[in-house]
Amino acid sequence: MLHRWFYISTSRLDARKTNEGIQEIVEVSLPRNRSLRVTGALLFTGQKFTQYLEGSPAAIAELKQSISRDARHEAIHTIAYGPFDHRRFLGWSLAYAGPSRFVAAKVEKALSAVLDQGDGEIEALAEMLAGFAIEGHS
């Protein structure tokens, strides 16, 4: 059975050390996700994170608990959680393409739409994230 957790959070990273903070997240997450057989993608706008994780229910619950306790996040909003029928990020233990101001503006708009309008925008945000992962690594 496949589960997913899709969330948006506000960054608590020190603005002067953002790049180092993101690098640390990626360096820790890649091997951890691989060992848990979790796939997914991370996007960081400079202010907000959004992450889509998919894997076994136990692995997703473990990561959800860990991330919820992580001091680098606050105001974590779960926008989708639970059983899902397919992987979006097959082969990507953590797709992350780095920061982009243009992308950040587009993503901030999509994140706000999900938080303001709810369920109707979740799949569009997931597809946007999948598109970034595919286009950013092809």
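Note that the structure is predicted; figures quoted are calculated from it, not measured. (Residues numbered from 1 in each chain as written. Predicted model: local features only at pLDDT ≥ 70, side-chain atom pairs only at ≥ 80, totals over all residues. Heavy atoms only, no water.)

**Q** Just checking my understanding: could you explain helix 1 (residues 18-36) for this structure?
**A** An α-helical turn contains 3.6 residues, so a residue and the one three or four places further along point in the same direction. Its 19 residues place the ends of helix 1 26 Å apart at the C-alpha level, agreeing with the 27 Å of an ideal helix rising 1.5 Å per residue. Of all the residues in helix 1, the buried ones are Thr18, Gly21, Ile22, Ile25, Val26, Ser29 and Asn33. Residues of helix 1 that are buried make contact with strand 2 (39-44), strand 3 (48-55) and helix 2 (57-69). (Helix = DSSP H or I, 4+ residues; strand = E, 2+ residues; numbered from the N terminus. Expected span 1.5 Å × (residues − 1). Buried < 20%, exposed > 50% of the residue type's maximum accessible area, 1.4 Å probe, protein only. Contact = heavy atoms within 4.5 Å.)

**Q** Help me understand the confidence of the model for the protein chain, please; the structure alone is not making it clear to me.
**A** Looking at the protein chain as a whole, the pLDDT averages 88, with 93% of positions reaching at least 70. For the protein chain, the element scoring lowest by mean pLDDT is helix 4 (residues 122-136), at 79; helix 2 scores highest, at 97. (pLDDT = per-residue confidence, 0-100.)

**Q** Would you explain the sheet that holds strand 4 (residues 73-83) in this entry?
**A** Where strands meet in a sheet, backbone hydrogen bonds hold them as pairs that are either parallel or antiparallel. In spatial order, the strands read 2-3-1-4; together these 4 strands make up an open sheet with antiparallel pairing. Each having just a single partner strand, strand 2 and strand 4 make up the two edges of the open sheet. The mean inter-strand angle of the sheet, taken between neighbouring strand axes irrespective of direction, is 10 degrees. In this sheet, strand 3 lies alongside strand 1 (residues 3-11) in antiparallel orientation, the contact comprising 8 bridges. Note that in strand 3 the partner of Trp5 across the bridge is Leu53. Contacts between helix 2 and the sheet are confined to strand 1, strand 3 and strand 4, with strand 1 contributing the most and set at about 10 degrees to the helix. (Pairing = 2+ DSSP bridges. Axes fitted to C-alpha atoms, helices over the stretch in contact; angles between N-to-C directions.)

**Q** Explain the nonpolar core here, please?
**A** Across soluble globular proteins, you tend to see nonpolar side chains buried next to one another. Core analysis: the largest hydrophobic core is formed by 20 residues, its most contacted members being Phe6, Tyr52, Ile79, Phe89, Leu125 and Leu129. Only strand 1, strand 2, strand 4, helix 3 (101-117) and helix 4 provide two or more residues apiece to this core. Ranked by the residues each element gives to this core, the list is headed by helix 4, at 6 residues. Ignoring any residue separated from it by four or fewer positions in sequence, one finds Tyr52 in contact with Arg4, Trp5, Phe6, Thr39, Gly40, Ala41, Phe84, Arg88, Phe89, Ala126 and Leu129. Formed by 9 residues, the second largest nonpolar core is a distinct cluster that contains Ile22, Leu42, Leu94 and Tyr96. (Core = buried A, V, L, I, M, F, W, Y, C linked by side-chain atoms within 4.5 Å.)

**Q** Explanation requested: the pattern of salt bridges in the structure shown.
**A** Pairing of side chains with opposite charge becomes possible as their charged atoms draw close. One pass over the structure, following the stated rule, counts 9 salt bridges. Where Arg4 meets Glu123, a salt bridge forms, and the shortest distance between an N and an O atom there is 3.1 Å. Of this pair, Arg4 sits in strand 1 while Glu123 sits in helix 4; the two residues are 119 residues apart in sequence, bridging distant segments of the chain. Assessed through its relative accessible area of 33%, Glu123 is described here as partly exposed. (Salt bridge = Lys/Arg side-chain N within 4 Å of Asp/Glu carboxyl O.)

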